[in-house]
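Working through the structure, step by step
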Amino acid sequence: MKPPMLARMLLLAVAGEGESEFVAGDLHEEFIYLCATRGRPAGSRWYAWQVVRSVVTLLALRMRSGEALHVVSGLSVAVPLLLLDRLWCFVHSQIPLKDGLSRAPGFLAVNLVCVCICAALCGSAARSFQRAILIAAATAVSATFALWAASGYTSAAYVWLMLLLVPASSLLVFTWRKFV
Amino acid sequence: MEEIRMKWLKWIGIVLAVLLILPVVTLLILGQRKDAGHMHGSIEIAASPQQLFPWLVEGDKLKQWVSWLVEVRVPDPTVHGVGASSVWVMKDENNGGALMQIVAKNREYAPPSHLVIQISVEGEFTGENVYELVDLGNGRTRLEMDSRYRISNWFANLLEPVVTPAARKKMVADEARLKSIVESKAEVR
């Protein structure tokens with residue numbers, strides 16, 4: 001008898017491969033017992049609830065061990081970029097006679113600087129070259145996602161500059177920190 | 001090792017604080033400048049003031065050159081000149097395409113050379129647009145546009161130093177559109 005697939009996938013995503021094996025083992029024993037005594041729906045509900053309530057604890061555990069740093073890196077690039085996009089939307093919305101979605105170069109430059117600083121801060125937390133590469137990749141992926149999700153129009157040059165500078169600043173700070 | 005980590009965390013905290021505090025302080029200082037919320041634009045158009053003036057007051061014509069203006073409603077068509085009001089419906093693309101109603105009221109009306117329109121959205125902003133049409137002769141007119149706005153919301157007011165240049169950019173683009181439309185119509189005639 002298998003536990004609900006969505007709950008298992010969530011467990012794997014938040015706990016990582018190593019940790020999820022142990023947690024899933026413990027949960028599975030209890031799940032089998034509950035299915036036998038109270039029926040499968042009750043067992044599935046219990047399993048899903050246990051996974052959901054453990055998400056924060058498991059994520060904190062992963063972050064403490066440095067394993068989920070790339071996840072944090074991704075968020076720390078996408079979240080500021082999306083917040084800045086909302087801010088520029090608000091600014092344009094305050095223009096008395098309104099305006100479209102195109103953004104002034106100054107606004108795009110602020111986006112670029114802020115996101116590069118965030119990526120650099122993430123890069124500074126990497127302890128090994130492999131981890132630094134992983135973080136740089138995560139920041140690039142996250143920047144791509146944020147650019148896709150943003151509502152403002154962006155030029156191809158801006159997108160390429162962002163995708164180049166974000167991972168580069170992450171790697172540069174890692175390298176600088178290693179040698180200083 | 002722990003000491004180095006704390007040092008880096010301290011630096012990260014400082015950088016993030018600077019990233020937040022510095023722009024806010026800059027905005028607060030810039031917001032105090034004398035011409036806050038003030039925009040001015042001037043453009044020469046190859047049309048006489050008589051030809052140009054209707055483009056500043058007639059709804060159908062306004063819609064052609066004021067970007068994102070989708071409708072102009074006149075609540076009382078019997079009132080003309082000073083005191084006449086209309087409702088400008090603007091499409092706000094930055095607010096999910098929401099439609100916004102701006103009340104425009106003629107404060108001064110002296111065709112074809114002078115027009116002052118008071119515009120406002122309750123709870124958001126009040127302001128006025130002053131249009132001066134200077135006859136340059138040879139069928140040419142210099143249009144001077146002067147706008148001054150006061151934003152009510154405190155956060156939007158804090159962002160005024162960013163909002164005003166964006167609004168000025170939009171005004172310049174609209175003026176260029178007006179010039180192009182009016183001159184093309186004048187050529188046809």
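As the structure is a computational prediction, the values presented were derived from the model and not from experiment.

About the cut-offs
- Residues numbered from 1 in each chain as written.
- Chains lettered and ligands numbered in written order.
- Predicted model: local features only at pLDDT ≥ 70, side-chain atom pairs only at ≥ 80, totals over all residues.
- Heavy atoms only, no water.
- Helix = DSSP H or I, 4+ residues; strand = E, 2+ residues; numbered from the N terminus.
- Buried < 20%, exposed > 50% of the residue type's maximum accessible area, 1.4 Å probe, protein only.
- Contact = heavy atoms within 4.5 Å.
- Lys, Arg positive; Asp, Glu negative; His and termini not counted.
- Charge placed at Lys NZ, Arg CZ, Asp CG, Glu CD.
- Domains from an automatic or database assignment.
- Buried area = accessible area lost by both parts, 1.4 Å probe.
- Salt bridge = Lys/Arg side-chain N within 4 Å of Asp/Glu carboxyl O.
- Polar contact = N/O pair within 3.5 Å; in protein donor to acceptor, adjacent residues only side chain to side chain.
- Nonpolar A, V, L, I, M, F, W, Y, C, P; charged D, E, K, R; others polar.
- Pairing = 2+ DSSP bridges.
- Phe/Tyr/Trp six-rings, centres within 6.5 Å; stacked < 30°, edge-to-face > 60°.
- Expected span 1.5 Å × (residues − 1).
- Core = buried A, V, L, I, M, F, W, Y, C linked by side-chain atoms within 4.5 Å.
- Axes fitted to C-alpha atoms, helices over the stretch in contact; angles between N-to-C directions.

Brief notes about the overall build of chain A
- Of the regular secondary structure elements, chain A holds six helices and zero strands.
- When each of the 180 residues of chain A is scored for burial, the buried share is 44%.
- For chain A, contacts bridging at least 24 residues in sequence account for 73% of all contacts bridging at least 6.
- Charged side chains in chain A number 15 positive and 9 negative. The centres of these two groups are separated by 6 Å.

So, the domain arrangement of chain A
- According to the domain assignment, chain A contains domain 1 (5-65) and domain 2 (69-179).
- For domain 1 of chain A versus domain 2 of chain A, the distance between C-alpha centres works out to 34 Å.

Description of the interface of chain A and chain B
- Facing the 24 residues of chain A at the interface are 33 residues of chain B.
- Taken over both partners, the interface formed by chain A and chain B buries close to 2600 Å², and the fraction arising from carbon and sulfur atoms is 70%.
- Summed over the three residues of chain A that lose the most area to chain B, namely Pro96, Leu97 and Lys98 of chain A, the buried surface amounts to 27% of that side.
- In this assembly, chain A and chain B are joined by zero salt bridges.
- Across the contact surface, chain A and chain B share six residue pairs in polar contact (both at pLDDT 80 or more).
- Each residue belonging to the side of chain A that touches chain B can be placed in one class, and the counts come to 13 nonpolar, five polar and six charged.

Observations regarding the environment of Gly31 of chain B
Residue and element names in this part refer to chain B.
- With respect to the helices and strands, the residue Gly31 is situated in the loop between helix 1 (2-30) and strand 1 (38-45).
- Each C-alpha atom, one on Gly31 and one on Val162, is 9.4 Å from the other, the two residues being 131 residues apart in sequence.
- With sequence-adjacent residues up to four places away left out, Gly31 is seen in contact with Ala36, Glu160 and Pro161.

Some thoughts on the pairing of strand 7 (residues 140-151) of chain B
All names here are of chain B.
- When strand 1 meets strand 7, the two strands line up antiparallel, connected through eight bridges. Paired with His40 across the two strands is Asp146, which belongs to strand 7.
- Here strand 6 (residues 125-137) pairs with strand 7 via 12 bridges, running antiparallel. Bridging across to strand 7, Asp135 finds its partner in Thr141.
- In this structure, the hairpin formed by strand 6 and strand 7 is closed by a connection of two residues, where Asn138 is found at a positive phi of approximately 55°.

Comments concerning the packing of aromatic side chains
- Using the criterion set out here, one finds eight aromatic pairs over all chains in the structure.
- An aromatic cluster is defined as three or more aromatic residues linked by ring pairs; in this entry it consists of Phe90 of chain A together with Trp154 and Phe155 of chain B.

Re helix 4 (residues 105-124) of chain A
- For helix 4 of chain A, built from 20 residues, the straight-helix expectation of 28 Å at 1.5 Å per residue is met to within 8% by its first-to-last C-alpha distance of 28 Å.
- Among the 20 residues that make up helix 4 of chain A, 14 are buried, leaving the element largely enclosed by the rest of the structure.

A word on the nonpolar core
- By size, the foremost hydrophobic cluster in this structure holds 48 residues, and its most contacted members are Trp65, Trp88, Leu143 and Leu178 of chain B.
- It is helix 6 (residues 160-188) of chain B that contributes the most residues to this core, eight residues altogether.
- Formed by 14 residues, the second largest nonpolar core is a distinct cluster that contains Leu112, Val115, Leu147 and Met162 of chain A.

Some remarks on the side chain of Ser86 of chain B
Residues and elements named next belong to chain B.
- Following the sequence through the fold, Ser86 ends up in strand 3 (residues 85-92).
- You can call Ser86 buried: its relative accessible area is 14%.
- Within polar-contact distance, the side chain of Ser86 engages the side chain of Trp88 at 3.2 Å.
- Non-local contacts of Ser86, meaning those with residues more than four positions away in its chain, are made with Val72, Arg73, Val74, Pro75, Ile102, Val103 and Ala104.

Thoughts on the sheet that holds strand 6 of chain B
Residues and elements named next belong to chain B.
- Here seven strands make up an open sheet; going across it, the order is 1-7-6-5-4-3-2 and the pairing antiparallel. Each edge of the sheet is formed by a strand with only one pairing partner; in this case those strands are strand 1 and strand 2 (69-73). Strand-to-strand twist in this sheet, taken as the mean axis angle between neighbours without regard to direction, amounts to 20°.
- Bridge count for strand 2 against strand 3 is four bridges, and the pairing is antiparallel.

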